[in-house]
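Given next are the chains, with one letter for each unit.
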Amino acid sequence: MNVSLFTKSLLKILLPTLNRKNGDVVMSTKQTVIGEALPNMPWENKPVGYTEVLWRYSGNPVIDINPIPCAQSIYNSAVVPYEGAFVGVFRVDYKSYMPFLHFGKSQDGLNWELEHDRIQFISDDPEIAEMIYAYDPRLCKIEEIYYITWCNCYHGPTIGVARTTDFKKFYQMENAYLPFNRNGVLFPRKINGKYYMLNRPSDNGHTPFGDIFISESPDMIHWGKHRFVMGAGGQWWQATKIGAGPIPIETTEGWLMIYHGVLNTCNGFVYNIGAALLDIDKPWKVLYRTNRYLLNPEKLYETTGKVPNVVFPCAALCDAPSGRIAIYYGGADTYTCIAYTQVDELIDCIKANSDVL
């Protein structure tokens, strides 16, 4: 029996399980998320009368403009739980407009202590270690190692990879792909004994195209068996390009992949948030995919900034027993923001509003 089938069978035996509602412990008929409890994650209940499946944190943005001396803005960043609190790898745009990666920590996932100096990666190869720019990181824990992926420069944009166990020393590995590629998003466990990474082949500029692909690796160094996952097109909100966002969340319904979809208008690109469910054992197979956006730029911190009209998801925290999800996203390429959702409601929405393209 493979791991996913064993997990599903175990869940059927263990359910009903404990859940939380309004701070109290109650009985639940199911636990959709396959993962760990995270009771101290940021959370805010859906506003009364609000009908959408994603809702914004009322205290947005959680990181404002000019947050540390070297930075004009921090956005499109990665967050994970760590030792009872939270840590992150943040995209920091300097006042030269060049982006680099900084480490940060937080007790509550909302108020961040950000290091003023950028991460210094340890590498045995000076050619790979040359850091021209670094942006849009993701953080993924696989077993006991935290992997960082980001858009790195090696004769054009590609996917950089590094690892750490303590967030003090960061070891840079080989780039995953040749240029040009963006949006490297790992899965949080091996599938059929292999590592998997979503990615988006691109070009050297502000790519006016882009589909999501998946690649596998036996060792996090050699990547191959590239497979098509899903393409841009269909509805206008995602007609120009798409890209994977946070680390996929494992559920009993499949891998929950939150992604961005881009519309090209006469006033430029508009970035929206959508979601899909991928097959647990063959994650290049799309089961359901939203035919409507779940969040689009509306608030001032999403419509006004360095790049207007952008909501760009890069990280998600999830409390498995309650199904609560907090999505970290960049607003207008200027601010760090949070939106909330509940996994069962989100999955129901995906299934009810699905086109597989």
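Residues numbered from 1 in each chain as written. Predicted model: local features only at pLDDT ≥ 70, side-chain atom pairs only at ≥ 80, totals over all residues. Heavy atoms only, no water.

Asker: Account for the sheet that holds strand β5 (residues 85-94), with residues named and values stated.
Answerer: Read across the open sheet, the 4 strands follow the order β4-β5-β6-β7; overall the sheet is antiparallel. At either end of the open sheet lies a strand with only one pairing partner, and these are β4 (71-82) and β7 (113-114). Note: β4 against β5, 9 bridges, orientation antiparallel. Each residue of the ladder has a partner; that of P81, found in β5, is F86. (Pairing = 2+ DSSP bridges. Helix = DSSP H or I, 4+ residues; strand = E, 2+ residues; numbered from the N terminus.)

Asker: So, the nonpolar core: which residues are in play, and what are the values?
Answerer: Of all hydrophobic cores here, the largest spans 42 residues; its most connected members are F121 and F167. Listing elements by their share of this core, those giving two or more residues are β4, β5, β6 (99-106), β8 (134-142), β9 (145-153), β21 (311-319), β22 (324-331) and β23 (335-342). Other than its neighbours up to four places away in sequence, F121 contacts L101, M131, I148, W150, A162, F170 and Q172. Residues L186, I212, M230 and A244 belong to the second largest nonpolar core, which totals 33 residues. (Core = buried A, V, L, I, M, F, W, Y, C linked by side-chain atoms within 4.5 Å. Buried < 20%, exposed > 50% of the residue type's maximum accessible area, 1.4 Å probe, protein only. Contact = heavy atoms within 4.5 Å.)

Asker: I'd love a proper account of the state of the cysteines, names of residues and values included.
Answerer: According to the stated counting rule, one finds 0 disulfides in the structure shown. The cysteine C70 is free of any disulfide, with C314 supplying the nearest cysteine sulfur at 19 Å. Using a relative accessible area of 22% as the deciding quantity, one classes C70 as partly exposed. Looking at the unpaired C337, the closest cysteine sulfur is the one in C314, lying at 12 Å. (Disulfide = S-S within 2.5 Å.)

Asker: Any details on the sheet that holds strand β14 (residues 212-217)? Residues and values, ideally.
Answerer: Pairing is antiparallel in the open sheet, where 4 strands are placed in the order β12-β13-β14-β15. For this open sheet the edge positions go to β12 (181-186) and β15 (224-230), each flanked by a neighbour on one side alone. Strand-to-strand twist of the sheet, defined as the mean angle between neighbouring strand axes without regard to direction, takes the value 30°. Here strand β13 (residues 195-201) pairs with β14 via 5 bridges, running antiparallel. Looking across to β14, one finds that Y196 is bridged to E216. (Axes fitted to C-alpha atoms, helices over the stretch in contact; angles between N-to-C directions.)

Asker: Can you explain the pattern of salt bridges? Please cite residues and give values.
Answerer: On inspection of all chains with the given rule, the structure shows 10 salt bridges. Between R91 and D93 there is a salt bridge, with its nearest N and O atoms 2.9 Å apart. Its relative accessible area of 2% is what places D93 among the buried residues. One salt bridge in this structure joins D93 and K306, with 2.4 Å as the shortest N-O distance. Taken together, the positions of D93 in strand β5 and K306 in the loop between α3 (300-303) and β21 put the pair 213 residues apart, joining distant regions of the chain. (Salt bridge = Lys/Arg side-chain N within 4 Å of Asp/Glu carboxyl O.)

Asker: Please give an account of the environment of R189 that cites residues and values.
Answerer: Relative to the helices and strands, R189 is located in the loop between β12 and β13. Residue R189 is classed as buried on the basis of its relative accessible area, which comes to 18%. With 39 residues separating them along the chain, R189 and F228 place their C-alpha atoms 20 Å apart. A polar atom in the side chain of R189 sits 2.9 Å from the side chain of E250. (Polar contact = N/O pair within 3.5 Å; in protein donor to acceptor, adjacent residues only side chain to side chain.)

Just distances and angles here, no functional claims.
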